[in-house]
Amino acid sequence: MDYNKLAELLLPNTTMTREDVFAKFPKRNLKEGAQVTRMAPSPTGFIHLGNLYSALADERIAHLSNGIFYLRIEDTDLKRKVEGAVDTIINVMKYFGIEFDEGAGQEQNSHNTYGPYFQRQRVEYYHVFAKELIKKGLAYPCFCTEEDNNSLREAQQRENATPGYYGKWAKCRNLTLEEIEENLKSGKQWVLRLKSPGDENKEITIEDKIMGKISFPENVHDIVILKSDGVPTYHFAHVVDDNLMGTTLVIRGNEWLSSVPTHFQLNQVLGFKQLKYAHTAHLMKMENGGKRKLSKRKDPELSLDFYRRDGYHPYTVKIYLLTLLNSNFEEWHDRNGDKDINEFPFSVKKMSQSGALFDLQKFHDICKKEFSKMTLEEVYSFLENWTKEYDKEHYQIYFGNREYMEQVLTLCMGLNQKRRRKDFAYAKQIMASLSYFFDDTFVPATQYPYDNETVKAVLTKYLETYDEKDDNSQWFSKVKVLAEELGFTTDMKAYKKEPEKFKGSVAQVSEIIRIAVTGLSNTPDLCTICQIIGKDIMKERIVNTINSL
RNA sequence: GGCCCGGUGGUCAAGUGGUCAAGACACCGCCCUUUCACGGCGGUAACACGGGUUCAAAUCCCGUCCGGGUCACCA
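Residues numbered from 1 in each chain as written. Chains lettered and ligands numbered in written order. Predicted model: local features only at pLDDT ≥ 70, side-chain atom pairs only at ≥ 80, totals over all residues. Heavy atoms only, no water.

We now examine the protein's contact with RNA strand B. Neighbouring RNA strand B are 55 residues, the closest being Thr76, Arg80, Lys227, Lys362 and Arg421. In RNA strand B, atoms within 4 Å of the protein come from the sugar-phosphate backbone in 70% of cases. Thr76 places a side-chain nitrogen or oxygen 2.6 Å from a phosphate oxygen of RNA strand B. Note that a base oxygen of RNA strand B is positioned 2.2 Å from one of the side-chain N or O atoms of Arg421. Secondary structure elements with two or more residues in the surface near RNA strand B: strand S5 (191-194), strand S7 (212-217), strand S11 (284-287), strand S12 (290-293), helix H13 (360-371), helix H19 (472-485), helix H20 (492-497) and helix H21 (506-518). (Near = heavy atom within 4 Å. Polar contact = N/O pair within 3.5 Å; in protein donor to acceptor, adjacent residues only side chain to side chain. Helix = DSSP H or I, 4+ residues; strand = E, 2+ residues; numbered from the N terminus.)

Shown next, in the form of structure tokens:
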């Protein structure tokens, strides 16, 4: 077979040579040890926690080594394309503190020289290498239709053979040049397949940066490398691009592990240096007592929108991901609270081989801890931005008066205390807990833990003695006096020992007041709440309560 | 089903031949306390199973079981 003729027949318009291509993609000029990593999503625009998880690993590896982290869009499948996806991806990543040095969306940068970063715009390059393979007799056109492939599968099932297009099953493998010309002339669609030189009895071994040494049988499948529209499949595009673009470490999900033999072989036949890989474990979720991969359809916590909508601080998401990524991060972070997390010596080797379960409780704990380290200024602006975007109707109510809101936050988040409160994990939760500070959102209680007469008596006496100038201890002394007058004990120890001996304790008295003023039985310091909302509002709420009984 | 990966408390995990098998989250108890938190102290709880190798095995080997991934003109 005249392979040169075949090559011209199949790809007549490809005139560039391998050398021409290499001239456009020279070896990167980087310092010793600098790593080049990439995020390579398809342009659906849907970025989930798993993407962020592995992108964070990419970003850390690149930046810790003074290397490059770039964005390449794998748009070889038109069905996956969504308008505006690239901007979405870039914005989402930015929101979570991950920025690209190079790639799609960075076209204004002068050093953005390994593009185009959209695979559809690189078709001419793939064709150069495809044509080379044809010339070497390592690739051939396949005219099989979908039906052909279906019946192939059925036949293989009947014979209990491994499914796939390979060896003796590969019908188009040995077509003559004449047959091919004939098919082409009659306008039949074709794909380009690799003529796999693999031997299933031989093994290849790779050293995965996370998994370690792994051996596989060689690939024997004549995989499609160019689809009928001339666009490459993932496998082919990946191998060509990561070589041309100088990726030093391909970090990708576990689901790719089994195609390593294919990629290894592609590298080999193309005469490239083998790529280095790090296959990351998936984020898992517990369900019905078993672990399973997080699914974007079923699990809202996988969608990054979820974190934005509920107002999780992006920094806390990053911290959580980092603790999953490198188990020694948490300890490091605790010990080096003053250091920028980017100083953490992130390592691929420390990444787990098995899938971590997404643990909402653990995540919340981290959120609370991180919130407790933020300044009033940080907390305020974060909440303000969140409310502006996700709770518009309450924005004016909550943020109309900055000084007031600052007082509220200072109290509720314990900002003026040595030990901060750690009640809150996300904005939605915080804002919901603040409603009683605002008349528009205050919801009076309908139930009291005591009979109406007692409640009335407590509230009436409380109003009589209340003085807004009292400090906390003065205020509480008065509550105590009031409690005793009404037959409640202030001896908490005695009360706890034998509660049945008393009508109740000062704790209940406080509770009654608390409920009347806030509508809730659990709140931060009551005295301060009364000071913040002011005597008038406090009085109004109490009077309304008395009247309603 | 073939191939590949994994399996330490409920969860995330240290661990690479000798430890009473760390730590964190969750849970429980006690203390602090006007509620809720915070904080302090303490506690329950694990090497999937069976065989080897070895003076010694969570760690090395084999088998079993369980979980996951993958077998497209999708990535």
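Along the chain, Arg420 falls in the loop between helix H16 (402-412) and helix H17 (427-433). Although buried, Arg420 forms no salt bridge, and the nearest oppositely charged side chain, Glu378, lies 6.6 Å from it. (Buried < 20%, exposed > 50% of the residue type's maximum accessible area, 1.4 Å probe, protein only. Lys, Arg positive; Asp, Glu negative; His and termini not counted. Salt bridge = Lys/Arg side-chain N within 4 Å of Asp/Glu carboxyl O.)

Ordered by their spatial adjacency, three strands build an open sheet running S4-S5-S8, and the pairing between neighbours is antiparallel. At either margin of the open sheet sits one strand with a lone partner, and together these are strand S4 (139-142) and strand S8 (224-226). Neighbour-to-neighbour, the strand axes of the sheet open up by a mean angle of 45°, direction not taken into account. Both S5 and S8 contribute to a ladder of two bridges, which runs antiparallel. Bridge assignment links Leu192 to a residue of S8, and that residue is Leu226. (Pairing = 2+ DSSP bridges. Axes fitted to C-alpha atoms, helices over the stretch in contact; angles between N-to-C directions.)

Attention shifts here to unusual backbone geometry. Pro116 follows Gly115 through a cis peptide bond whose omega is 0°. With respect to the secondary-structure elements, Pro116 resides in the loop between strand S3 (102-103) and helix H5 (123-135). Not every positive phi belongs to a glycine, and Asn66 is a case in point at roughly 60°. Among the structural elements, Asn66 can be located in the loop between helix H3 (49-64) and strand S2 (68-71). When its relative accessible area of 59% is taken as the criterion, Asn66 is described as exposed. The phi dihedral of Asn160 is positive, around 60°, even though this residue is not glycine. Along the chain, Asn160 turns up in the loop between helix H6 (146-158) and helix H7 (177-185).

Another point: the packing of helix H8 (residues 234-244) against helix H9 (residues 260-269). Where H8 meets H9, the closest approach of the two axes is 10 Å, and the angle between their N-to-C directions is 55°. By the criterion of interaxial angle, the relationship of H8 to H9 is oblique. For the crossing formed where H8 meets H9, the hand is right-handed. Judged by residue contacts, Tyr234, His235, Phe236, His238, Val239 and Asn243 of H8 engage Thr262, His263, Leu266 and Asn267 from H9. Split by residue class, the contact of H8 with H9 holds four nonpolar, six polar and no charged. (Parallel < 35°, antiparallel > 145°, perpendicular 65-115°, else oblique. Left-handed = near helix turned anticlockwise from the far one by under 90°. Contact = heavy atoms within 4.5 Å. Nonpolar A, V, L, I, M, F, W, Y, C, P; charged D, E, K, R; others polar.)

In this structure the tally under the stated criterion is 33 aromatic pairs. Ring-pair connections join several aromatic residues into one group, and the members of that group are Phe306, Tyr307, Tyr312, Tyr320, Phe358, Phe363 and Tyr426. Positioned above the aromatic ring of Tyr165, the side-chain terminus of Arg193 is 3.7 Å from the ring centre. Taking the ring centre of Phe442 as reference, the NZ or CZ of Arg541 above it sits at 3.7 Å. (Phe/Tyr/Trp six-rings, centres within 6.5 Å; stacked < 30°, edge-to-face > 60°. Lys NZ or Arg CZ within 6 Å of the ring centre and 35° of its normal.)

What follows covers the sheet that holds S3. Taken together, three strands build an open sheet; the order of strands is S1-S2-S3 and the sheet is parallel. The strands lining the two open edges of the sheet, one partner per strand, are strand S1 (36-39) and S3. Alignment of S1 against S2, held across four bridges, turns out to be parallel. Looking at the pairing, Arg38 lines up with Tyr70 of S2. Strand contacts of H3: S1 and S2, with the helix running at about 160° to S1, the strand carrying the most contacts.

Here the focus is empty space enclosed by the protein. Applying the stated criterion across every chain, the model contains five cavities of 30 Å³ or more. Approximately 70 Å³ is the volume attributed to the largest cavity. It is helix H12 (residues 329-335) that contributes the most residues to the lining of the largest cavity, four residues altogether. Residue lining of the second largest cavity: Met1, Tyr3, Leu6, Ala139, Tyr140, Pro141, Cys172, Arg173, Asn174, Leu175, Ile180 and Lys195, and that is the complete set. Elements with a contribution of two residues or more to the lining of the second largest cavity: helix H1 (3-10) and S4. In terms of residues, the lining of the second largest cavity owes the most to one element, S4, which gives three residues. For the lining of the second largest cavity, the residue count by class is nine nonpolar, one polar and two charged. (1 Å grid on protein atoms, 1.4 Å probe; cavity = no way out; pocket = protein on both sides within 12 Å on 5 of 7 lines; lining within 4 Å. Points joined across faces, edges and corners; volume = space filled by probe spheres on them.)

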